[in-house]
Amino acid sequence: MYSITAHNISKDYQNGKAVVSALQDVSLQVKSGELFGLIGPDGAGKTSLIRILTTLLLPTKGTASVAGLDVVKDFKKIRQKIGYMPGRFSLYQDLSVQENLDFFASIFNTSIEANYHLIKDIYEQIAPFKDRKAGKLSGGMKQKLALSCALIHKPEVLFLDEPTTGVDVVSRKEFWQMLQHLKQEGLSILVATPYMDEAALCDRVALMQDGRFLRDQSSS
Ligand SMILES: Nc1ncnc2c1ncn2[C@@H]1O[C@H](COP(=O)(O)OP(=O)(O)OP(=O)(O)O)[C@@H](O)[C@H]1O
């Protein structure tokens with residue numbers, strides 16, 4: 001059973017008169033409960049692939065599914081089943097930690113208490129700062145808050161785009177421990193990172209460069 005599949009996905013962007021080919025015939029299968037790493041340098045195409053899988057961007061060519069649903073036809077259903085932590089800090093900087101959590105919970109018609117076991121470890125670390133504005137948190141704390149918000153509705157599949165970029169070494173280590181914990185809770189996780197050393201912390205990885213995988217991932 002696969003939680004994510006992609007078949008021959010290509011993505012072209014129009015840049016003035018030029019066409020930028022961000023993804024070229026990318027195929028991928030991520031098993032349920034797997035922690036899968038998308039490793040590659042800036043510009044490799046990681047964000048484009050994640051945005052297609054999270055239904056925020058249409059592929060130019062190819063098909064993909066998440067939680068058994070088609071990313072184009074079933075985009076609304078998929079959005080209920082996934083958590084997405086974008087690369088850039090995505091939270092409301094002028095809202096406090098608690099207000100951000102409450103806001104994301106209300107969007108999904110849930111509460112912090114409903115899935116507390118999932119975010120407990122992270123929440124306990126950010127709780128002392130719950131009245132602080134999100135914009136005033138350290139890089140590590142911001143990431144933890146963003147992860148808590150992405151988990152608040154108990155997603156089946158979690159997408160993380162460079163979650164540890166700009167985060168200190170200790171917070172990075174803690175962050176990966178949290179991902180292991182989430183995996184044990186049964187979540188499937190796709191994480192994009194430019195750091196080679198984080199590849200060792202994943203169950204499987206795909207190495208990406210210039211819009212392609214360095215090895216075919218569909219059959220492994
Ligand atoms: N909206 C856009 N218009 C034109 N080109 C784009 C657009 N978005 C991305 N690109 C180009 O597509 C390629 C892949 O970008 P993408 O952001 O997917 O890579 P990435 O691996 O996530 O890198 P980064 O970490 O820098 O975001 C790059 O050459 C980028 O410049």
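Everything below is about the structure shown above.
The structure displayed is predicted, hence computed values, not measured ones. (Residues numbered from 1 in each chain as written. Predicted model: local features only at pLDDT ≥ 70, side-chain atom pairs only at ≥ 80, totals over all residues.)

Close to the ligand lie Tyr-13, Asn-15, Val-20, Ala-22, Gly-40, Asp-42, Gly-43, Ala-44, Gly-45, Lys-46, Thr-47 and Ser-48, which account for all nearby residues. A total of 3 residues in the shell around the ligand trace back to one element, the largest contributor, which is helix H1 (residues 46-53). Here the shell around the ligand is built from residues that sort into 4 nonpolar, 6 polar and 2 charged. (Near = placed C-beta within 6 Å. Helix = DSSP H or I, 4+ residues; strand = E, 2+ residues; numbered from the N terminus. Nonpolar A, V, L, I, M, F, W, Y, C, P; charged D, E, K, R; others polar.)

Positive phi, close to 55°, is recorded for Ala-67, a residue that is not glycine. Relative to the helices and strands, Ala-67 resides in the loop between strand E4 (61-66) and strand E5 (69-70). Residue Lys-154 is not a glycine yet carries a positive backbone phi of 55°. Structurally, Lys-154 can be placed in the loop between helix H5 (139-151) and strand E7 (157-161).

Glancing now at the pairing of strand E3 (residues 35-39). Counting buried positions along E3 gives 5 out of 5 residues, so the element sits mostly inside the fold. Covered by surrounding structure in E3 are Leu-35, Gly-37 and Ile-39 together with Phe-36 and Leu-38, the residues of both alternating faces. Of the pairings in the sheet, the one linking E3 to strand E8 (residues 188-193) comprises 5 bridges and is parallel in character. By the bridge assignment, Leu-35 is partnered in E8 with Ile-189. Note that E3 and strand E9 (residues 204-209) share 4 bridges and pair parallel. Along E9, the bridge assignment pairs Phe-36 with Arg-204. (Buried ≥ 20, exposed ≤ 12 C-beta atoms within 10 Å, placed from the backbone. Pairing = 2+ DSSP bridges.)

Moving on, we get to the nonpolar core. Counting 60 residues, the largest nonpolar core has Leu-53, Leu-145, Phe-159 and Ile-189 as its most contacted members. Per-element accounting of this core gives the leading share, 7 residues, to H5. Residues within four places of Ile-189 in sequence aside, it is in contact with Leu-35, Phe-36, Leu-158, Leu-160, Leu-179, Leu-182 and Lys-183. (Core = buried A, V, L, I, M, F, W, Y, C linked by C-beta atoms within 7 Å. Contact = placed C-beta atoms within 7 Å.)

In this section: the packing of helix H3 (residues 97-107) against H5. Across the interface, H3 lies against H5 with an axial gap of 9 Å and an inter-helix angle of 20°. In this view, H3 runs roughly parallel relative to H5, as classed from their interaxial angle. You can see that H3 and H5 cross each other, and the crossing is right-handed. On the side of H3, the interface is formed by Val-97, Asn-100, Leu-101 and Phe-104, while H5 contributes Leu-145, Ser-148 and Cys-149. (Axes fitted to C-alpha atoms, helices over the stretch in contact; angles between N-to-C directions. Parallel < 35°, antiparallel > 145°, perpendicular 65-115°, else oblique. Left-handed = near helix turned anticlockwise from the far one by under 90°.)

Our next topic: the sheet that holds strand E1 (residues 2-15). In space, the 4 strands of this open sheet follow the order E2-E1-E4-E5, with antiparallel pairing throughout. If you trace the sheet from one side to the other, it starts and ends with strand E2 (18-31) and E5, each paired once. Where E1 lies against E2, 10 bridges are found, and the strand directions are antiparallel. What sits directly across from Ile-4, in E2, is Val-30. H1 contacts E1, E2 and E4 of the sheet and is inclined by roughly 120° relative to E1.

In the contact formed by helix H4 (residues 116-126) and H5, the axes pass within 10 Å of each other and the chain directions differ by 145°. Between H4 and H5 lies a crossing whose hand is left-handed. Across from Leu-118, Ile-119, Ile-122, Tyr-123, Gln-125 and Ile-126 in H4, the residues of H5 making contact are Met-141, Lys-144, Leu-145, Leu-147, Ser-148 and Leu-151. The residue inventory of the contact of H4 with H5, partitioned by class, reads 9 nonpolar, 2 polar and 1 charged.

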